[in-house]
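Tertiary structure, described
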Amino acid sequence: MTIAQTTANGINITYEDKGPRDAPAILLVMGLGGQLTLWPDEFVDALNTHGFRTVRYDNRDVGLSTRFEAAGVPNLKWMFVKAAIGLPVRPAYTLADMAADGMALLDHLGIDRAHIVGASMGGMISQHIAARYPDRTLSLTSIMSSTGNRRLPRARKEAMQVLANRPMRGDPEDMIAYSVRAARVIGSPGYPAAEERLQRRVRADFERGWYPQGVARQMAAIVADGDRRALLKSITAPTLVVHGEDDPLVPLAAGRDTADNVAGARLLTIPGMGHDLPLALVDTLADAIAGHAKAGVVAA
């Protein structure tokens, strides 16, 4: 993996740019606390094989990109209370700021327009990109994400508990064990990860850039963003919504709500898929995204 870093939108962004420079580009936007490595290499390779240039990167406050330490760690419980009663929530930065990071990275790479693919929080950021930068969005794929509609079903109790108890510090082996357990709880029941592969991935990510304080600030940005349904109605890019039918963290209803609020959006639901990108579904996901991207360009 060839990793580079650039200054864009006033911060340092670590990224990987892979595939032919003259191929259509796909910008891969990862979710809450996820480093660029959470996009499986096999998935990226599959998109490259389909004829695309791929750009994946560490969001701000994650991995090897700029950390907002001076902002402190927010009180998330108080933020949730404020949001619930309609009081303003002031995060260190917004999802719109994170969308601007992605666009600045494309500027640095000389990419005028790209297919935007986001997972979970990355789907929310990608929704902002498609709505705010329509001239730069060839197509949108929102994976296991949501509209922010507060009437949607909540995560299952066990998924909420494991994420709410994320340790901020402690013994490295204990934190790695926590991450493995969390991945199991929110992962795909129909496609469980092989134990050795999961352990290896979690340990590598921990050693590369474990930073739970940044995860808390990213969560604050999600809380502050609120309901995006009005924003989604402004999206004109061809849109594919992908959602696991067994997602314990962001229930399937959230994917349906996303598709219902983007004109012409197509919904693909996958039985047995939870809140991850299992190796067994790499080809299914890559084929769907590549097909959608190519069809959207032809239609345009």
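This text goes with the structure placed above it.
Summarised in this report is the structure supplied together with it.

Attention now goes to unusual backbone geometry. Residues other than glycine seldom take positive phi values, yet Asp-61 does so here, at roughly 70°. With respect to the helices and strands, Asp-61 occurs in the loop between β4 (53–57) and α2 (76–84). With a phi close to 40°, Met-144 is a non-glycine residue in the positive phi region. One can find Met-144 in the loop between β6 (137–143) and α5 (157–164). According to the relative accessible area criterion, Met-144 is buried, its value standing at 5%.

With that out of the way, let us pick up the sheet that holds strand β8 (residues 266–270). Read from one edge of the open sheet, 8 strands run β1-β2-β4-β3-β5-β6-β7-β8, paired in mixed fashion. This sheet does not close on itself; its edge strands, each paired only once, are β1 (4–8) and β8. Each strand axis lies, on average, 25° off the axis of its neighbour in the sheet, ignoring direction. In this structure, strand β7 (residues 239–244) lies alongside β8, joined through 5 bridges in parallel fashion. Bridge pairing in β8 links Gly-244 to Ile-270. Against the sheet, helix α3 (residues 95–109) touches β1, β2 (11–18), β3 (25–29), β4 and β5 (114–119), its axis set at about 60° to β2. Its contacts with the sheet place helix α10 (residues 252–260) against β6, β7 and β8, and it is angled at close to 170° to β7.

Positionally, Ser-120 belongs in the loop between β5 and α4 (121–132). Look at Ser-120 and you get buried, because its relative accessible area is 14%. Here His-275 takes part through its side chain, which lies 2.8 Å from a polar atom of the side chain of Ser-120. The contact partners of Ser-120, leaving out residues within four places of it in the chain, are Gly-31, Ile-143, Met-144, Ser-145 and His-275.

Cut-offs applied
- Residues numbered from 1 in each chain as written.
- Predicted model: local features only at pLDDT ≥ 70, side-chain atom pairs only at ≥ 80, totals over all residues.
- Heavy atoms only, no water.
- Helix = DSSP H or I, 4+ residues; strand = E, 2+ residues; numbered from the N terminus.
- Buried < 20%, exposed > 50% of the residue type's maximum accessible area, 1.4 Å probe, protein only.
- Pairing = 2+ DSSP bridges.
- Axes fitted to C-alpha atoms, helices over the stretch in contact; angles between N-to-C directions.
- Contact = heavy atoms within 4.5 Å.
- Polar contact = N/O pair within 3.5 Å; in protein donor to acceptor, adjacent residues only side chain to side chain.

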